[in-house]
Each structure stands twice: as C-alpha cells, then as structure tokens.
Amino acid sequence: VATPVPPTPTPAPIGNALENTRWDVVQFNTGSDAVTSLLADTNAQVNFGSDGLVSGNASCNNFNGSNSVNGNNITIGQAAVSAMLCPEPEGKMDQEGQILAALQSAATFTISGDVLEMRTAGGQIAVILRRAP
C-alpha cells in the first residue's frame, strides 16, 4: 500500500505593502536628473487602494489610475487627471506634470519607517514620500 503524498504547499502570495496606504510627496524627480522638493505652499498626496488603483492630488488636480505591485516592483499606469488651472504659485502646473511623470517612472520601491522611496528602473530616485497622518 502506497503512502499518500501530502500536497506541496503553495507559497503565500507576496503581500502588497502599499495596499490601503496614504502618502505625502516630499521630493520628486523633475525629469532632468534632478530631485527637488515641492514648491512653497503646495502639497501632493498619493493613495494606494486595495483594488489596484492609485489616486491622489498632484498639487493642483486630482488623479487616478492603476498600479501593480509584485514584491518591491511597481508599475503605475497613465493617470486620468482633472482639468483645473492653478496659476499660483508660479510653476505649480509644471510641478504637477513632473510629479505625475515621476510616479509613472517608478519601477521599484522601499519602505523604511514612514518613508516610501520609489526608484526608476535605472536606480534613480523617482519620488520620495512620507506616510500621511
């Protein structure tokens, strides 16, 4: 009589460490290999949902799109963005475009305490965020 072989356990899926978290943008890559802080009197937030969605405010307009996380790899898709014009302070609309581009350039992320650091596939900083209260 053969001894039954127990089934091989299926490894647990790697959890999505970003699921249901909210973050404030601290610094971002401007797209010209420079990392900068937000303009004075502006803020930007990023929210990761449990449904593969990402949303937030890029300093003027609200945005939403998709994201996919596998371990410490991330892909953020093209975002749908509302269409408000925010002329003050000067440069706010450029900042918004740069933040959205930086988020979409992210390929990997690490979380250390309350800091989320996203990097491009080439290892450059894309965005640095702090956990929102």
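Here the structure is a predicted model, which is why all the values come from computation and not from measurement.

*Asks:* So what exactly am I meant to see when it comes to the state of the cysteines here?
*Replies:* Here a disulfide denotes one covalent bond, and it connects the sulfur atoms of two cysteines. All chains considered together, the criterion is met by one disulfide. Between Cys60 and Cys86 runs a disulfide, and the two sulfur atoms are separated by 1.8 Å. The chirality of the disulfide connecting Cys60 with Cys86 is right-handed, given an S-S dihedral of about 75 degrees. With a gap of 26 residues between them, Cys60 in the loop between strand S4 (53–57) and strand S5 (62–70) and Cys86 in the loop between strand S7 (80–81) and helix H1 (92–105) connect regions that are remote in the sequence. Like Cys60, the residue Cys86 is buried in the burial classification.

*Asks:* Explain the confidence of the model for the protein chain here, please?
*Replies:* Should pLDDT be low for a region, the predicted coordinates there are not to be read in detail. Overall, the prediction assigns the protein chain a mean pLDDT of 90, with 89% of residues at 70 or greater. Low pLDDT (under 50) marks residues 10–14, which in the prediction has two contacts with non-local residues, meaning those over four places away or in another chain.

*Asks:* Explain the pattern of salt bridges here, please?
*Replies:* Pairing between side chains becomes possible if they bear opposite charge and their charged atoms approach one another. One pass over the full model with this rule turns up two salt bridges. Of the charged contacts, one joins Asp114 and Arg131 as a salt bridge, the two residues approaching to 3.6 Å between their closest N and O atoms. Of this pair, Asp114 sits in the loop between strand S8 (108–112) and strand S9 (115–119) while Arg131 sits in strand S10 (residues 125–131), placing them 17 residues apart in sequence. Residue classification places Asp114 among the partly exposed residues on the basis of a relative accessible area of 45%. Look at Arg131 and you get partly exposed, because its relative accessible area is 32%. The salt bridge partner of Arg119 is Glu117, with a shortest N-O separation of 2.8 Å. The exposure class assigned to Arg119 is partly exposed, which follows from its relative accessible area of 29%. Owing to a relative accessible area of 23%, Glu117 belongs among the partly exposed residues under this scheme.

Each value, and the rule that gives it
- Residues numbered from 1 in each chain as written.
- Predicted model: local features only at pLDDT ≥ 70, side-chain atom pairs only at ≥ 80, totals over all residues.
- Heavy atoms only, no water.
- Disulfide = S-S within 2.5 Å.
- Helix = DSSP H or I, 4+ residues; strand = E, 2+ residues; numbered from the N terminus.
- Buried < 20%, exposed > 50% of the residue type's maximum accessible area, 1.4 Å probe, protein only.
- pLDDT = per-residue confidence, 0-100.
- Contact = heavy atoms within 4.5 Å.
- Salt bridge = Lys/Arg side-chain N within 4 Å of Asp/Glu carboxyl O.

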